[in-house]
Structures are given as structure tokens and as C-alpha cells.
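Fold and contact review
Listed below, chain by chain, are the residues.
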Amino acid sequence: MTDLAGKPITSILAQLTYSPLYIITVILALGVLIFLRNEKGCFVLVGKVWAICHIINYILAIYYYIANSN
């Protein structure tokens, strides 16, 4: 088991860019935003906020992956 306590959060976040499960999650988040764009309601709003959070997190992961590769 790896020791995550000693690693900086940027390198842990950068590993999300090539994690297959997280890529599937981001694709599902994009699907929620695309297919439910005209829907209204509380549960749909929660789903949209969930999707936006995952997409922003993935964009940050891509940034840290590119920044750490140099």
C-alpha cells in the first residue's frame, strides 16, 4: 500500500487524469449536463452541481498533470 500522507495533493490530483474510473465519471457528468439541460427541479439541480464539480476537478487534474510533467 502506498503512503499518501507524504505526497502533495497536486501529484495525487494529477493521477486522476489517467484513472479509468474517473474518466468514466467525467463522461457521465458531461452526459448529465448535455441530456438534462432543459430539465428543471431540485434533483436535477443537484445532479448538475455534481457534474460541474467533477468537470472542474478534472480540469484541475489536467493542469497539475501538465505542470508536474515539466
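These numbers come from a predicted model, not from an experiment. (Residues numbered from 1 in each chain as written. Predicted model: local features only at pLDDT ≥ 70, side-chain atom pairs only at ≥ 80, totals over all residues. Heavy atoms only, no water.)

1. Some words on the confidence of the model for the chain
In plain terms, the rule: The pLDDT value expresses, per residue, how confident the predictor is, ranging between 0 and 100. Runs of H or I in DSSP of at least four residues are treated as helices and runs of E of at least two as strands, each being numbered from the N terminus.
The pLDDT averaged across the chain works out to 87; a share of 93% of its residues lies at or above 70. Per-element confidence in the chain is highest for helix H2 (residues 20-35), whose mean pLDDT is 93, and lowest for helix H1 (residues 9-14), whose mean pLDDT is 80.

2. Looking at the packing of aromatic side chains
Note the threshold: Centres within 6.5 Å make a pair out of two Phe, Tyr or Trp rings, where for Trp the six-membered ring is used; the pair is then stacked when the planes are under 30 degrees apart, edge-to-face when over 60, and tilted otherwise. Buried residues are those whose accessible area, probed at 1.4 Å on protein chains only, stays under 20% of the maximum for their type, while exposed residues exceed 50% and partly exposed ones sit between those limits.
If you walk through the whole model with that rule in mind, you get three aromatic pairs. An angle of 65° between the planes, with centres 6.1 Å apart, marks the rings of Tyr-18 and Tyr-65 as edge-to-face. You can see Tyr-18 sitting in the loop between H1 and H2 and its partner Tyr-65 sitting in helix H3 (residues 42-69), a full 47 residues away along the chain. By relative accessible area, which is 42% here, Tyr-65 ends up partly exposed.

3. Considering the environment of Thr-17
To keep it simple, the criterion reads: Throughout, a contact is declared for two residues whenever any of their heavy atoms are within 4.5 Å. Throughout this description, a polar contact denotes any pair of N or O atoms lying within 3.5 Å of each other; where both atoms belong to protein, one of them has to be capable of donating a hydrogen while the other can accept it, and for residues adjacent in sequence the pair is counted only when both atoms sit in side chains.
As for its position among the elements, Thr-17 is in the loop between H1 and H2. For Thr-17, a relative accessible area of 12% gives the class buried. In this structure, the C-alpha to C-alpha distance between Thr-17 and Ile-62, residues 45 residues apart in sequence, is 5.9 Å. Contact partners of Thr-17, with chain neighbours within four places excluded, come to Ile-23, Tyr-58, Ala-61, Ile-62 and Tyr-65. Reaching out from Thr-17, the side chain makes a polar contact with the backbone oxygen of Ala-14 at a distance of 2.9 Å.

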